[in-house]
Number of protein chains: 2
Amino acid sequence: MRVLKSDSARLTPEFGIMVGRWSQYTEAAAAPFGAMWCVVPPGGQTDTDCHPDTELVVVVRGSADVRAGGHTETALPGTAVLLEREEPHVLVNRSADEPLVTLSVYWVAEEVTAGAGQADAG
Amino acid sequence: MRVLKSDSARLTPEFGIMVGRWSQYTEAAAAPFGAMWCVVPPGGQTDTDCHPDTELVVVVRGSADVRAGGHTETALPGTAVLLEREEPHVLVNRSADEPLVTLSVYWVAEEVTAGAGQADAG
């Protein structure tokens, strides 16, 4: 087994916050998704982000507001937020004292074509 | 966006603990991995688990000991543990008072064959 800690990850400034991309973990290279730790300082928030990847935001520490599609969802540890591709979103740290830490997992969904799955469905 | 909460997930007894499989979320069906919430009661632990999937255990609440390969790693929220395929493992809740909640993500890694990648590597 291999232990991957947000505390000791190499962080770089991206999206207005600090990001620890999992490309630094060679053991995770074969995963069918990309991943990164996101560390949002107290009172901070990300820039608006939008991309062709579907994204899963898993809250692991602190308290988040996730803003997307004109709505805001509050997410605590034990909650994950699934963002559709090309859905603009902002991640806000609701706390003035504690950092917010999330694990973002992202992937490009297979294109669903009109004919796909008909053989199985029939 | 779609909010997925371990608190309100449909849980079933599996592996000696309570599991909330993400197959209950139709929105997550297209992800290139399987996922489940694992809720380990205070003082509890899973049965020994072993499978051909690579598994990523993301601790989101509480305090875990992950036992594998003769070692024990303590994992708090903000830590993820990557388990190799066919690596027997046990997840232990270190607390006598609080539940342990993890998100397990799993996938079958692509087979690496002797000839794979030679064109790129050359």
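That block above? That's the structure.
Source: prediction; values computed, not measured.

*Asks:* So what's going on with the environment of B:Glu110? Residues and values would help.
*Replies:* Residues and elements named next belong to chain B. Mapped onto the elements of the fold, Glu-110 is located in the loop between β10 (100–107) and α1 (118–121). We classify Glu-110 as exposed; its relative accessible area is 70%. The spacing of Glu-110 and Ser-63 is 47 residues in sequence and 32 Å in space, taken between C-alpha atoms.

*Asks:* Can you tell me about the pattern of salt bridges, naming the residues and giving the values?
*Replies:* Counted according to the given criterion, the structure contains 8 salt bridges over all chains. One salt bridge in this structure joins A:Glu27 and A:Arg2, with 2.6 Å as the shortest N-O distance. Here the residue A:Glu27 occupies a position in the loop between β3 (17–21) and β4 (34–40), and A:Arg2 occupies one in strand β1 (residues 2–5), the gap between them amounting to 25 residues. By relative accessible area, which is 38% here, A:Glu27 ends up partly exposed. Between B:Glu14 and B:Arg21 there is a salt bridge; the shortest N-O distance is 2.9 Å.

*Asks:* For the relation of the copies chain B and chain A, give the residues involved together with the corresponding values.
*Replies:* Both copies of the chain are tied together by a single rotation about an axis and a shift running along it. You can overlay chain B on chain A at an RMSD of 0.0 Å; the transform is a turn of 180° with a shift of 0.0 Å along its axis. These values place the two chain copies in the arrangement generated by a two-fold rotation axis. Residue B:Val60 of chain B places its C-alpha closer to the rotation axis than any other residue of that unit, at 2.3 Å. An overlap of 100% is found between the interface residues of chain B and their copies at the interface of chain A, pointing to a shared contact surface.

*Asks:* Describe the interface of chain B and chain A, and please don't skip the residues or the numbers.
*Replies:* Contact residues are listed per partner, giving 36 residues for chain B and 36 residues for chain A. Approximately 2800 Å² of surface area, both sides summed, lies buried where chain B meets chain A, with 70% of it carried by carbon and sulfur atoms. The largest contributions to the chain B side of the interface with chain A come from B:Met1, B:Gly78 and B:Leu82, which together make up 26% of the buried area. Secondary-structure elements contributing two or more residues to the side of chain B that touches chain A are β1 (2–5), β5 (54–61), β6 (64–68), β7 (71–75), β8 (79–83) and β10 of chain B. Considering only residue class, the side of chain B that touches chain A consists of 24 nonpolar, 5 polar and 7 charged. Where β1(A) lies against β8(B), 4 bridges are found, and the strand directions are antiparallel.

*Asks:* Report on unusual backbone geometry, specifying residues and quantitative values.
*Replies:* All names here are of chain A. Located in the positive-phi region is Phe-15, a residue other than glycine, with phi close to 60°. Positionally, Phe-15 belongs in the loop between β2 (12–14) and β3. Of note in the backbone geometry, Glu-86 takes a positive phi value of approximately 65° without being a glycine. By the element assignment, Glu-86 lies in the loop between β8 (79–83) and β9 (89–93). Given a relative accessible area of 48%, Glu-86 falls into the partly exposed group.

*Asks:* Can you break down the nonpolar core residue by residue, with the values?
*Replies:* Judged by nonpolar contacts, the single largest core of 36 residues is most densely connected at A:Trp22 and B:Trp22. The set of elements that each furnish at least two residues to this core consists of β4, β5 (54–61), β8 and β10 (100–107) of chain A together with β4 (34–40), β5, β8 and β10 of chain B. Setting aside chain neighbours within four positions, we find B:Trp22 in contact with A:Leu56, A:Ala80, B:Leu4, B:Ala28, B:Ala35, B:Met36, B:Trp37 and B:Leu103. Listed in part, the 17 residues of the second largest apolar core include A:Val57, A:Ala64, A:Leu91 and A:Tyr106.

What counts and how
- Residues numbered from 1 in each chain as written.
- Chains lettered and ligands numbered in written order.
- Predicted model: local features only at pLDDT ≥ 70, side-chain atom pairs only at ≥ 80, totals over all residues.
- Heavy atoms only, no water.
- Helix = DSSP H or I, 4+ residues; strand = E, 2+ residues; numbered from the N terminus.
- Buried < 20%, exposed > 50% of the residue type's maximum accessible area, 1.4 Å probe, protein only.
- Salt bridge = Lys/Arg side-chain N within 4 Å of Asp/Glu carboxyl O.
- Least-squares fit on C-alpha atoms with pLDDT ≥ 70 in both.
- Contact = heavy atoms within 4.5 Å.
- Buried area = accessible area lost by both parts, 1.4 Å probe.
- Nonpolar A, V, L, I, M, F, W, Y, C, P; charged D, E, K, R; others polar.
- Pairing = 2+ DSSP bridges.
- Core = buried A, V, L, I, M, F, W, Y, C linked by side-chain atoms within 4.5 Å.

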